[in-house]
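Here is what each chain is made of, one letter per residue.
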Amino acid sequence: MNLWLRLLRVRLGASRGPRIGLWDTAVTTFRVTPTDLDTVGHMNNGRYLTLLDLGRLDLMVRSGFWQRCRDRGWFPIVAGQSITYFKDLTLGQSFEIHTRVAGVDDRWAYLEQSFMRGEVEHARALIRACYVERGRGRVSSAELEEELGGFPSHLSVPDWVRSWTHNSAARSA
């Protein structure tokens with residue numbers, strides 16, 4: 001139930017909150033609850049991934065891109081992710097998830113997400129995603145670029161990200 005309430009809070013808050021651009025950083029606030037904890041008393045590693053979904057939803061709704069996708073029958077799919085944990089989060093602590101588009105290439109959109117408490121980064125994730133159209137399949141990067149009116153020039157995909165994508169795809173084949 002905790003996650004459904006969070007989903008509702010994020011969705012309603014994003015709909016009513018201040019608008020941002022898709023290329024801006026969305027900041028989504030949370031607090032560690034008892035159902036987030038593992039047996040050691042800190043936030044469970046799997047819970048981080050679940051909360052990242054909500055941070056991405058916040059960015060998409062507040063930027064208006066969520067509705068544009070729905071209008072076209074598109075929906076996002078996470079194809080790969082890597083997360084690094086730096087410092088634990090414990091019961092009752094408030095934190096923010098910072099979500100931003102990190103880059104786009106000919107196949108993927110990449111997002112970077114960080115768990116922050118003030119200036120302290122607790123975890124950072126890199127997400128590789130694509131969009132799929134119901135009944136048709138994958139949306140091309142060209143279609144995505146056209147829908148968005150182009151990609152900002154500062155969104156270049158670093159070589160290490162391309163290497164991560166290549167190596168993780170090669171293992172899964």
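Keep in mind that what you see is a predicted model, and the values were worked out from it rather than measured.

Quick word on the overall build of the protein
- A count of helical and extended segments in the protein gives five helices and six strands.
- The order of α-helices and β-strands along the protein, N terminus first, is α-β-α-α-β-β-β-β-β-α-α.
- In terms of C-alpha radius of gyration, the protein reaches 16 Å, essentially the compact-globule figure of 16 Å for 173 residues.
- Along the three orthogonal principal directions, the C-alpha set of the protein runs to about 45 × 40 × 30 Å.
- Expressed as a percentage of its 173 residues, the buried residues of the protein come to 42%.
- The contacts of the protein with a sequence gap of at least 6 include a subset with a gap of at least 24, amounting to 72%.

A closer look at the layout of surface pockets
- By volume, the largest pocket amounts to about 350 Å³.
- Contributions of two or more residues to the lining of the largest pocket are made by α2 (45–63), α3 (65–72), β2 (74–85), β3 (94–104), β4 (109–117), β5 (120–133) and α4 (141–148).
- Among the elements that make up the lining of the largest pocket, the one with the highest residue count is α2 (five residues).
- In the lining of the largest pocket, the residues fall into 20 nonpolar, no polar and two charged.
- Counted as a void, the second largest pocket has a volume near 260 Å³.
- When residues of the lining of the second largest pocket are traced back to their parent elements, those giving at least two are β2, β3, β4, β5 and α5 (159–172).
- Counted by class, the lining of the second largest pocket contains nine nonpolar, four polar and three charged residues.

Some points on the packing of aromatic side chains
- Following the criterion strictly, the structure yields six aromatic pairs and no others.
- Plain terms: the ring middles of Trp-23 and Phe-151 are 6.3 Å apart, the flat faces sit at 85° to each other, and that makes the pair edge-to-face. You can see Trp-23 sitting in the loop between α1 (2–16) and β1 (26–31) and its partner Phe-151 sitting in the loop between α4 and α5, a full 128 residues away along the chain.
- Residue Phe-151 is classed as partly exposed on the basis of its relative accessible area of 22%.
- With a centroid separation of 5.6 Å and an interplanar angle of 80°, the aromatic rings of Phe-65 and Tyr-131 are classed as edge-to-face. You can see Phe-65 sitting in helix α3 and its partner Tyr-131 sitting in strand β5, a full 66 residues away along the chain.
- Here Tyr-131 falls in the buried class, since its relative accessible area comes to 12%.
- Cluster of aromatic residues (ring-pair linked, three or more members): Phe-30, Tyr-48, Tyr-85, Phe-95 and Phe-115.
- Over the face of the ring belonging to Trp-108 we find Arg-128, whose NZ or CZ atom lies 5.2 Å from the ring centre.
- We note Arg-138 situated over the ring of Trp-108; from NZ or CZ to the ring centre the distance is 4.2 Å.

Conventions we followed
- Residues numbered from 1 in each chain as written.
- Predicted model: local features only at pLDDT ≥ 70, side-chain atom pairs only at ≥ 80, totals over all residues.
- Heavy atoms only, no water.
- Helix = DSSP H or I, 4+ residues; strand = E, 2+ residues; numbered from the N terminus.
- Rg over C-alpha atoms; globule rule 2.2 N^0.38 Å.
- Buried < 20%, exposed > 50% of the residue type's maximum accessible area, 1.4 Å probe, protein only.
- Contact = heavy atoms within 4.5 Å.
- 1 Å grid on protein atoms, 1.4 Å probe; cavity = no way out; pocket = protein on both sides within 12 Å on 5 of 7 lines; lining within 4 Å.
- Points joined across faces, edges and corners; volume = space filled by probe spheres on them.
- Nonpolar A, V, L, I, M, F, W, Y, C, P; charged D, E, K, R; others polar.
- Phe/Tyr/Trp six-rings, centres within 6.5 Å; stacked < 30°, edge-to-face > 60°.
- Lys NZ or Arg CZ within 6 Å of the ring centre and 35° of its normal.

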